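These are the residues of each chain, in order.
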Number of protein chains: 2
Amino acid sequence: MIRVVFFDLDDTIVDTTRLAEMARRNAIENMVRHGLPVDFDTAYHELLELINEYGSNFGKHFDYLLRRLDLPSNPKWIAAGVISYHNTKFAYLRTVKGVRRVLLDLQREGYRLGIITDGDPIKQWEKILRLELDAYFDDVFISDYLGVKKPHPKIFRKALRKMGVEPEEAMMVGDRLYSDVYGAKNVGMVTVWFKYGKYANRETEYRDYADFTIRSLEELPAILRGLRGEEEQERSDTEVHAD
Amino acid sequence: MIRVVFFDLDDTIVDTTRLAEMARRNAIENMVRHGLPVDFDTAYHELLELINEYGSNFGKHFDYLLRRLDLPSNPKWIAAGVISYHNTKFAYLRTVKGVRRVLLDLQREGYRLGIITDGDPIKQWEKILRLELDAYFDDVFISDYLGVKKPHPKIFRKALRKMGVEPEEAMMVGDRLYSDVYGAKNVGMVTVWFKYGKYANRETEYRDYADFTIRSLEELPAILRGLRGEEEQERSDTEVHAD
């Protein structure tokens, strides 16, 4: 019987990819408005390429963007980008559609909830606290804080131990087949692949590790009711048998 | 005759110290609200001591605060501090009282305006652009960008050269007697000490380098009119003499 439901954070609870795209577009727009002598499409395309190469947590995106565009370093243009990027991130931070209702439903039905996520611990907590999501969750497990990344079994095992449940009593819900689904299945948890965002069509070689695939988080309560129903059925079958 | 008026940025144009104090208080309050097991006064006092030792641009204030308070590292508490600190900085960024009116008055009377400031170039431009102050100024000179700090003569000479004026044709207005007043006087500029903020009673050994002392920026137009009047007087005296 499932007692605990764990969620991934980015693109499962928080609508991260959409927000990042908005923030980057607004940043380039503001840089152009403040004199960056390049058209929007050229600069935006170059920024995406750069992020692809250096990763999204690289601290010098706008600095390197100027270098790639053969432009002199200019703190005014960089500041214009930074301002719009941050303003967008703070003003448009949102949960994925349906999240709050689903979390409340699951709590009402007696499930305990947790987060298992990769990423910078302070930045991840910033998202959780800005969205006032902390009250929904019993605990938050952030891989960088433990020195391992999903799908390393250590983070899943630590989460299970802290919540006091066996692997088969826990469900993991996430958008990434490799980190979330493969990782959780590996330690024996029930797995749900949330087919959403930029990973909706990637890493499909791990598809078999998903016990369930959903396109909306609002499908979760029904899945959990289904699992409970099956178990009750099994139990009553066994009782009949024992008679 | 004065043609250009240069201003320092922090605590002359932008009300930086007041903002920083608000941001720090709100940060500690939010950390306590999210479970930091220390009372506000203890934590705030410790933070001020830390900033005093490590400087205000040190990147790990909240991290070090926990160490000083003998508390375990906790990304949730740090995130709570970071959120309130940033929210305050973005929401309450303000110019010093009277700034915009004075800048407009000076522009209307034909003076060109500039900024000569220390600090991280991107952060300084962030303040200027967030407050939409850039249109008032012909140029902005940021010391870190040039590799020197005020009162080094290089930054003042560079500003004069870029604006195409002689030192005696330029006025420097700033809150610091050492960096702004002593530095500008050293290269031959007319100096105004803005006795404001945390430096109002410091570095007074450099007081003699100030040609004028003001407690409100709104005194500036009258000073400039006074200087212009004196010159006209001198010129007409000379003309009379030459007759």
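Looking at an unreviewed UniProt entry, one finds chain A named Glyceraldehyde 3-phosphate phosphatase, with Thermococcus siculi as its source organism. Word for word, the UniProt comment on chain A under Cofactor (unreviewed entry) is "Mg(2+)".

### Examining the side chain of Lys195 of chain B
Residue and element names in this part refer to chain B. Tracing the chain through its elements places Lys195 in the loop between strand S5 (190-194) and strand S6 (212-214). Among buried charged residues, Lys195 stands out as having no salt bridge; its nearest opposite-charge side chain is Asp175, 11 Å away. Polar contacts involving the side chain of Lys195 include one to the main-chain carbonyl oxygen of Ala200, which spans 2.8 Å. Reaching out from Lys195, the side chain makes a polar contact with the side chain of Asn201 at a distance of 3.1 Å. Beyond its immediate chain neighbours, meaning those up to four positions away, Lys195 contacts Ala200, Asn201, Arg207, Thr213, Ile214 and Arg215.

### Some thoughts on the sheet that holds strand S5 (residues 190-194) of chain A
All names here are of chain A. Pairing within the open sheet is parallel, and its 6 strands lie in the order S3-S2-S1-S4-S5-S6. Each edge of the open sheet is held by one strand with a lone partner, namely strand S3 (139-142) and strand S6 (212-214). With direction set aside, neighbouring strand axes in the sheet form an average angle of 20 degrees. Sheet topology places strand S4 (residues 170-174) next to S5; 4 bridges connect them, and they run parallel. Bridge pairing links Gly174 to Trp193 in S5. Packing of helix H9 (residues 177-186) onto the sheet brings it into contact with S4 and S5, and relative to S5 it is tilted by some 165 degrees.

### Structural notes on the relation of the copies chain A and chain B
For the pair of chain copies, the relating operation is a rotation around an axis with a shift along it. In screw terms, the move from chain A to chain B is a rotation of 180 degrees and a rise of 0.0 Å along the axis, fitting with an RMSD of 0.0 Å. Such values leave the two copies arranged in the relation of a two-fold axis. When the interface residues of chain A are mapped onto chain B, 100% of them again fall at the interface, so both copies present the same face.

### Some thoughts on the pairing of S4 of chain A
Residue and element names in this part refer to chain A. Judged by how many residues are buried, S4 sits mostly within the fold: 5 of 5 residues are covered. Burial along S4 is two-sided: Ala170, Met172 and Gly174 and Met171 and Val173, pointing in opposite directions, are all buried. Examined bridge by bridge, strand S1 (residues 4-7) and S4 share 4 bridges and lie parallel to one another. Considered in S4, the bridge of Val4 is made with Ala170. Once you follow S4 into H9 and on to S5, the crossover reads as right-handed.

### Brief notes about the sheet that holds strand S2 (residues 112-117) of chain B
Residue and element names in this part refer to chain B. Sheet architecture is open: 6 strands sit in the order S3-S2-S1-S4-S5-S6, paired in parallel fashion. Looking along the sheet, the strands with just one partner apiece sit at the ends: strand S3 (139-142) and S6. Averaged over all adjacent pairs, the angle separating strand axes in this sheet is 20 degrees, with direction ignored. Relative to S6, S5 is paired through 3 bridges, and the arrangement is parallel. Across the sheet, the residue bridging to Phe194 is Ile214, located in S6. The strands touched by helix H6 (residues 121-130) within the sheet are S2 and S3, with S3 carrying the most contacts at an inclination of about 145 degrees. Seen against the sheet, helix H9 (residues 177-186) touches strand S4 (170-174) and S5 and runs at an angle of roughly 165 degrees to S5.

### Some thoughts on helix H4 (residues 75-91) of chain B
Taking 1.5 Å as the rise per residue, H4 of chain B with 17 residues should run 24 Å; its terminal C-alpha atoms sit 24 Å apart, in good agreement. Of the positions making up H4 of chain B, those classed as buried are Pro75, Trp77, Ile78, Ala79, Ala80, Gly81, Val82, Ile83, Ser84, Tyr85 and Thr88 of chain B. Turning to H4 of chain B, the residues buried within the fold contact helix H6 (121-130) and helix H7 (143-146) of chain A together with helix H1 (16-33) and helix H3 (61-68) of chain B. Regarding H4 of chain B, its N-cap is Asn74 of chain B, as a side-chain oxygen of that residue lies 2.9 Å from the backbone nitrogen of Lys76 of chain B further along.

### A closer look at the domain arrangement of chain A
Residues and elements named next belong to chain A. For chain A, the assigned domains are domain 1 (4-15 + 96-241) and domain 2 (16-92). On a C-alpha basis, the centroid separation for the pair domain 1 and domain 2 is 33 Å. Opposite the 9 residues of domain 1 that make contact, domain 2 presents 6 residues. Of the roughly 630 Å² buried between domain 1 and domain 2, counting both surfaces, carbon and sulfur atoms make up 38%. Connecting domain 1 to domain 2 are 1 salt bridge.

### Thoughts on the side chain of Thr191 of chain B
Structurally, Thr191 of chain B is set in strand S5. Those residues within four positions of Thr191 of chain B in sequence are excluded, and the remaining contacts are Met172, Val181, Ala184, Lys185, Tyr209, Ala210, Asp211 and Phe212 of chain B.

### Description of the layout of surface pockets
Here the second largest pocket defines a volume of roughly 360 Å³. Taken together, 16 residues form the lining of the second largest pocket, with Trp125, Asp139, Val140, Tyr145 and Lys162 of chain B sitting closest to its centre. Listed by contribution, the elements that provide at least two residues to the lining of the second largest pocket are helix H4 (75-91) of chain A together with S3, helix H7 (143-146) and helix H8 (153-163) of chain B. If one sorts the elements of the lining of the second largest pocket by residue count, S3 of chain B sits on top with 4 residues. Classifying every residue of the lining of the second largest pocket gives 8 nonpolar, 2 polar and 6 charged.

Cut-offs used in this document
- Residues numbered from 1 in each chain as written.
- Chains lettered and ligands numbered in written order.
- Predicted model: local features only at pLDDT ≥ 70, side-chain atom pairs only at ≥ 80, totals over all residues.
- Heavy atoms only, no water.
- UniProt positions renumbered as here; feature names shortened; annotations may be inferred.
- Helix = DSSP H or I, 4+ residues; strand = E, 2+ residues; numbered from the N terminus.
- Buried < 20%, exposed > 50% of the residue type's maximum accessible area, 1.4 Å probe, protein only.
- Lys, Arg positive; Asp, Glu negative; His and termini not counted.
- Salt bridge = Lys/Arg side-chain N within 4 Å of Asp/Glu carboxyl O.
- Polar contact = N/O pair within 3.5 Å; in protein donor to acceptor, adjacent residues only side chain to side chain.
- Contact = heavy atoms within 4.5 Å.
- Pairing = 2+ DSSP bridges.
- Axes fitted to C-alpha atoms, helices over the stretch in contact; angles between N-to-C directions.
- Least-squares fit on C-alpha atoms with pLDDT ≥ 70 in both.
- Right-handed = clockwise from strand over helix to strand, strands pointing away.
- Expected span 1.5 Å × (residues − 1).
- Domains from an automatic or database assignment.
- Buried area = accessible area lost by both parts, 1.4 Å probe.
- 1 Å grid on protein atoms, 1.4 Å probe; cavity = no way out; pocket = protein on both sides within 12 Å on 5 of 7 lines; lining within 4 Å.
- Points joined across faces, edges and corners; volume = space filled by probe spheres on them.
- Nonpolar A, V, L, I, M, F, W, Y, C, P; charged D, E, K, R; others polar.

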